[in-house]
Amino acid sequence: MEKLVEAEELRTNFYTFEGVVKALNGVSLVVNNGETYGLVGESGCGKSVSVRSMMRIVQAPGKIEEGKVVLFFNEKDRNKGIDILKRSEAYMQSIRGNDISMIFQEAGTALNPVLSIGFQVGESFLLHRRGEMIKLAVKTLDKKIDENSNSLFRMWRKFHKRLLQNETDDLERYKTEIVKIDSDLYRTEGKTDSKSLEKHKRLLVNRERLNKQGLKVRLQLKTPIIRRYVRRINAAVREKVIELLTDLGVPNPGNIVDRYPHELSGGMQQRIVISIALACNPTLLIADEPTSNLDVTIQAQILDLIRQLKKTQISSVLFITHDLGVVAEICDRVTVMYAGDTCETASVKDLFKEPMHPYTKGLLKSVPKGEIGEKLQTIPGTVPNLITPPSGCRFHPRCPDVMEICKSQKPEMLMMKDGHSVACHLYRKK
Amino acid sequence: MILVLVGVSLIVFAIMMLIPEGQRVAIYVTGEKIRNEQIDSLIVKYGLRDPAPVQYFRWIKNIFKGDFGHSITASAPVIEGFKMYFPVTLELVLYSTPLIILVGIWLGTIGAVHKDKPIDHFTRIFAIVGYSLPTFWLGLMLMMFFYGLLGIFPPGTISIVGKDILYNPEYHQYTRILTIDAILNGNWRMFWDAIYHLTLPTINLVLLSSALIMRLMRSSMIDALGQDYIRTAMAKGADKKTIYNTHARRNALIPVITISGLMFAGLMGGMVITETIFARKGIGLWMARAATQLDVAAIMFNVLFLGVVFVVINLIVDLIYAWVDPRIRLT
């Protein structure tokens, strides 16, 4: 299996008024190309924070302290990978929504209440596929130029075509510059001599500064009346959005694009959130509890949709959930998290058949089996406060098999057999 | 809305009824001196001893005819006084409100975006100082400093040279708003003179009122930036500028609009102090004088007028609301 994304020893803290919340305590996970990877744990265990750290969208007061997130997307960096935590913010912006995108829980709050659906979905196209959109706009414009014989209209449209052409030229220039800087960055990355480090730093600054548009384009975008040509691009985007929504099985997409989030049902909102994430055909889709707060039937529909998309469009899915049933249904491999630690990673079959970590065992025992009068087992104790987390293994105060060493030493990830690893002192070779 | 106006008129009328008839006669009598023995016959003539409802409806009828009575302080009919004083106030409000709102929103956004950085502390200090200074104190200080000490900016509405131009028969007063008239006449000298006289009171109002808008904008922008949809926008790959300007600001503006509307209306009423200090002959000054000289007609008219202003502003605020927030739209 080829790796697609690897997170190594991620540590993220939240600097709150009460103290420093150590949300991630060295989380490592690997998503392979072509698999559906599950991340399971109770609420507040750091699932969402770890994927947000992987996308570098941790909001204040959170801060990624250390670790690595390595992407193996292009052929070129198959061997080495790109550590995105070291890259510039501008580079991240070009990756987010384009190569990695994310579906959020609670679609109702994840959509902006004052912007129309068409705008919110179309924004992804405008951010990452502006060139294509301009091409589409030019195509429809060409048709109109041929049709209409009125010379005044003709002139107006030809003028617009010229403006659109300006933008295309500008985008080309920008693209070549970006590619150059990125390849330079790739070359200087990881080198430790002072000259390379300095160059790397300078390149990062340049990447950040690189203006997306040249002066000419900025002027034509800002000047009133002249900037009306942008409507042609927007019309092209609208067509694309309607196409995308039709593909995702949204009924009556032509009507939906002009609606606002509050006018839609929960399931429909979730579909819109998915369509935003899928707009640019990402390589990795991160689904952050996409089915919580939805009815069971809608849940099944959304899961079906994701499974289908996995077959047709996206290569890998990183699926976060607290629902073990969903994991069994959709995932290939699973990592169990507890209080900012990864406990166990295994294929779904192995995890359900022979769980190794005491926490995983407890978790599996507490799943209702659907028998009448059944008494649910629970894990005694509560989730620890992450401002003052327990020493050593963070699970030790609740662990049934606790040993002396657990209280002082953090267990390392032990490879038990192919593809099944566990972080527990129980399995340490004596 | 109309109910609100009826309520305002009732209250105004009730206040008027508290005043003895002898004084109320002044509303109807124009100019000439009245001897004491005439008063009684005048009271009877204008029906000031009729039952209250009858008087109320007569008063309302007169209002619809455009007859608000005679103002002593303006020594003219109230409506004439209004035409004379109102443009001066309107000019100041028209110049300062956009500035207040723009400065407030701009500083508030900066503060929220650079939260807890030095520039944020600076804007917060600005807000606290601006909000806690009394209007009259700051007004007097500005006057003392810029007029008394440095002699840069003058008080008043217009200079002597300006007055000469103003009363020149060739100079037409279209709107009576000095700057607009000056532009319409193409008289730049007059225009600069008016702007020159507007500067200090505008600074005074902007310093004091934008602090409130700024505080509100800052907190609602910080709130908006912490919302989930900002994360969605970040995950889309939007840059900071787009996130601030498109995704956060529109949501943050919603509470600011309410306060801006109230503030605009409040400015009209709060002009009393500013105009008195800077000796601008506007509504505020007129009201202050009318109150001290018991100019019943002028007071009544102005209270009624402010009521109308509040109602209209609220209507406009509601319209802007619906434009900004689709959740409020009726369709």
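Caption draft 1: Layout of the overall build of chain B. From N to C terminus, chain B includes 14 helices and two strands. Oriented by its inertia axes, the alpha-carbon framework of chain B measures out at about 85 × 50 × 35 Å. Here chain B holds 331 residues, and the buried ones make up 47% of them. Counting contacts in chain B only where the partners sit at least 6 residues apart, residues at least 24 apart contribute 71% of the total. Just so you have it, chain B exposes about 17100 Å², and 69% of that area is on carbon and sulfur atoms.

Caption draft 2: Molecular detail of the packing of helix H1 (residues 2–18) of chain B against helix H14 (residues 296–324) of chain B. Residue and element names in this part refer to chain B. Viewed as axis vectors pointing N to C, H1 and H14 meet at an angle of 160 degrees, and their least axial separation amounts to 10 Å. Relative to H14, the element H1 lies roughly antiparallel. Between H1 and H14 the crossing geometry is right-handed. Taking contact as the criterion, the partners of Val4, Leu5, Val8, Ser9, Val12 and Met16 in H1 are, on H14, Val296, Met300, Val303, Leu304, Gly307, Val308 and Val311. For the contact of H1 with H14, the residue count by class is eleven nonpolar, two polar and no charged.

Caption draft 3: Here's a closer look at the packing of helix H9 (residues 178–185) of chain B against helix H10 (residues 188–225) of chain B. All names here are of chain B. Between H9 and H10, the least distance of the axes is 8 Å, while the angle of their chain directions is 165 degrees. Viewed along their axes, H9 and H10 adopt a mutual orientation that is roughly antiparallel. Note that H9 runs across H10; the crossing there is left-handed. Taken together, the residues of H10 that come into contact with H9 (itself represented by Leu178, Thr179, Ala182 and Ile183) are Trp188, Met190, Phe191, Ala194, Ile195 and Leu198. Residues that form the contact of H9 with H10 fall into these classes: nine nonpolar, one polar and no charged.

Caption draft 4: Just the environment of B:Tyr229, in detail. Residue placement: B:Tyr229 occurs in helix H11 (residues 228–236). With a relative accessible area of 7%, B:Tyr229 lands in the buried category. Sequence-distant contacts of B:Tyr229, that is, excluding residues within four places in its chain, are made with A:Thr109, A:Ala110, A:Leu111, A:Asn112, A:Pro113, B:Ala224, B:His247 and B:Asn251.

Caption draft 5: Fine view of the sheet that holds strand E13 (residues 420–422) of chain A. All names here are of chain A. Spatial strand order, E7-E8-E9-E4-E10-E11-E13-E12: eight strands in an open sheet with mixed pairing. What marks the edges here is a single partner per strand, and that holds for strand E7 (100–103) and strand E12 (414–417). Ignoring which end each strand starts from, the neighbouring axes of this sheet average 20 degrees apart. The sheet contact formed by strand E10 (residues 333–338) and strand E11 (residues 341–347) spans six bridges and is antiparallel. For Val334, the partnering residue across the bridge sits in E11 and is Ala346.

Caption draft 6: Geometry of the packing of aromatic side chains. Within the structure shown, the criterion is met by 20 aromatic pairs over all chains. Three or more aromatic residues link up through ring pairs in this structure, and these residues are B:Phe68, B:Phe82, B:Phe86, B:Phe301 and B:Phe305. The ring of A:Tyr91 is capped by A:Arg87, whose NZ or CZ atom sits 4.8 Å from the centre of that ring. Above the ring of B:Trp323, the side-chain terminus of B:Arg250 is found at 6.0 Å from the ring centroid.

Caption draft 7: Expanded view of the pairing of strand E8 (residues 284–288) of chain A. Residue and element names in this part refer to chain A. Here E8 lies mainly inside the structure; five of its five residues are buried. Note: E7 against E8, four bridges, orientation parallel. Considered in E8, the bridge of Ile100 is made with Leu284. In this fold, the crossover linking E8 to strand E9 (residues 316–321) by way of helix H12 (residues 296–312) has right-handed handedness.

Caption draft 8: Spotlight on the nonpolar core. In terms of nonpolar packing, the biggest core is built from 174 residues, with A:Leu284, A:Phe319 and B:Trp59 touching the most fellow members. Other than its neighbours up to four places away in sequence, A:Leu284 contacts A:Leu4, A:Val5, A:Val31, A:Phe73, A:Asp99, A:Ile100, A:Ser101, A:Ser316, A:Val317 and A:Leu318. The next biggest cluster of nonpolar side chains, apart from the first, holds nine residues, and it includes B:Ile158, B:Ile165, B:Leu166 and B:Leu178.

Caption draft 9: Broad picture of the interface of chain B and chain A. Opposite the 26 residues of chain B that make contact, chain A presents 26 residues. When the two sides are added together, the surface that chain B and chain A hide from each other amounts to roughly 2400 Å², 56% of it contributed by carbon and sulfur. On the chain B side of the interface with chain A, the three residues burying the most area are B:Arg231, B:Ala235 and B:Lys236, jointly 29% of the side's total. Scanning the region where chain B abuts chain A turns up one salt bridge.

Caption draft 10: Representation of unusual backbone geometry within the structure. The phi angle at A:Ile225 is positive, at roughly 70 degrees, despite the residue not being glycine. Inspection of the secondary structure puts A:Ile225 in the loop between helix H8 (215–222) and helix H9 (230–247).

Caption draft 11: Region of the structure containing a nonpolar patch on the surface. Residue and element names in this part refer to chain B. Judged by side-chain polarity, Met1, Ile2, Val6, Leu10, Leu315 and Leu319 come together as a nonpolar surface patch covering roughly 600 Å² of accessible area. Among the elements of the structure, H1 and H14 are those that each provide at least two residues to the nonpolar patch. The element contributing the most residues to the nonpolar patch is H1, with three residues. Within the secondary structure layout, Leu315 lies in helix H14. Overall, Leu315 belongs to the partly exposed group, its relative accessible area being 38%.

Caption draft 12: Molecular detail of the pattern of salt bridges. Inspection of every chain in the model, using the stated rule, returns 28 salt bridges over all chains. As a salt-bridge pair, A:Arg96 and A:Glu89 come within 3.2 Å of each other at their nearest N and O atoms. Its relative accessible area of 1% is what places A:Arg96 among the buried residues. We note a salt bridge from B:Arg280 to B:Glu91, for which the minimum N-O separation is 3.9 Å. You can see B:Arg280 sitting in the loop between helix H12 (240–277) and helix H13 (283–292) and its partner B:Glu91 sitting in helix H5 (residues 78–113), a full 189 residues away along the chain. The network of salt bridges with shared partners includes B:Asp116, B:Asp120, B:Arg124 and B:Arg218.

Caption draft 13: Main features of the state of the cysteines. Tallied over the full model, the rule gives zero disulfides over all chains. Left without a disulfide partner, A:Cys45 is nearest to the cysteine sulfur of A:Cys343, which lies 8.4 Å away.

Caption draft 14: Spotlight on the pairing of strand E4 (residues 36–40) of chain A. Residue and element names in this part refer to chain A. With five of five residues buried, E4 lies mostly within the body of the structure. Both faces of E4 are covered, namely the face carrying Thr36, Gly38 and Val40 and the face carrying Tyr37 and Leu39. Two elements, E4 and E9, share five bridges in a ladder whose sense is parallel. Looking across to E9, one finds that Thr36 is bridged to Val317. Bridge count between E4 and E10: four bridges; the pairing is parallel.

Parameters and conventions
- Residues numbered from 1 in each chain as written.
- Chains lettered and ligands numbered in written order.
- Predicted model: local features only at pLDDT ≥ 70, side-chain atom pairs only at ≥ 80, totals over all residues.
- Heavy atoms only, no water.
- Helix = DSSP H or I, 4+ residues; strand = E, 2+ residues; numbered from the N terminus.
- Buried < 20%, exposed > 50% of the residue type's maximum accessible area, 1.4 Å probe, protein only.
- Contact = heavy atoms within 4.5 Å.
- Areas by Shrake-Rupley, 256 points an atom, 1.4 Å probe, with all protein chains shown as cover.
- Axes fitted to C-alpha atoms, helices over the stretch in contact; angles between N-to-C directions.
- Parallel < 35°, antiparallel > 145°, perpendicular 65-115°, else oblique.
- Left-handed = near helix turned anticlockwise from the far one by under 90°.
- Nonpolar A, V, L, I, M, F, W, Y, C, P; charged D, E, K, R; others polar.
- Pairing = 2+ DSSP bridges.
- Phe/Tyr/Trp six-rings, centres within 6.5 Å; stacked < 30°, edge-to-face > 60°.
- Lys NZ or Arg CZ within 6 Å of the ring centre and 35° of its normal.
- Right-handed = clockwise from strand over helix to strand, strands pointing away.
- Core = buried A, V, L, I, M, F, W, Y, C linked by side-chain atoms within 4.5 Å.
- Buried area = accessible area lost by both parts, 1.4 Å probe.
- Salt bridge = Lys/Arg side-chain N within 4 Å of Asp/Glu carboxyl O.
- Patch = residues over 30% accessible without salt bridge, like charges linked within 9 Å, V, L, I, M, F, W, Y side chains within 5 Å.
- Disulfide = S-S within 2.5 Å.

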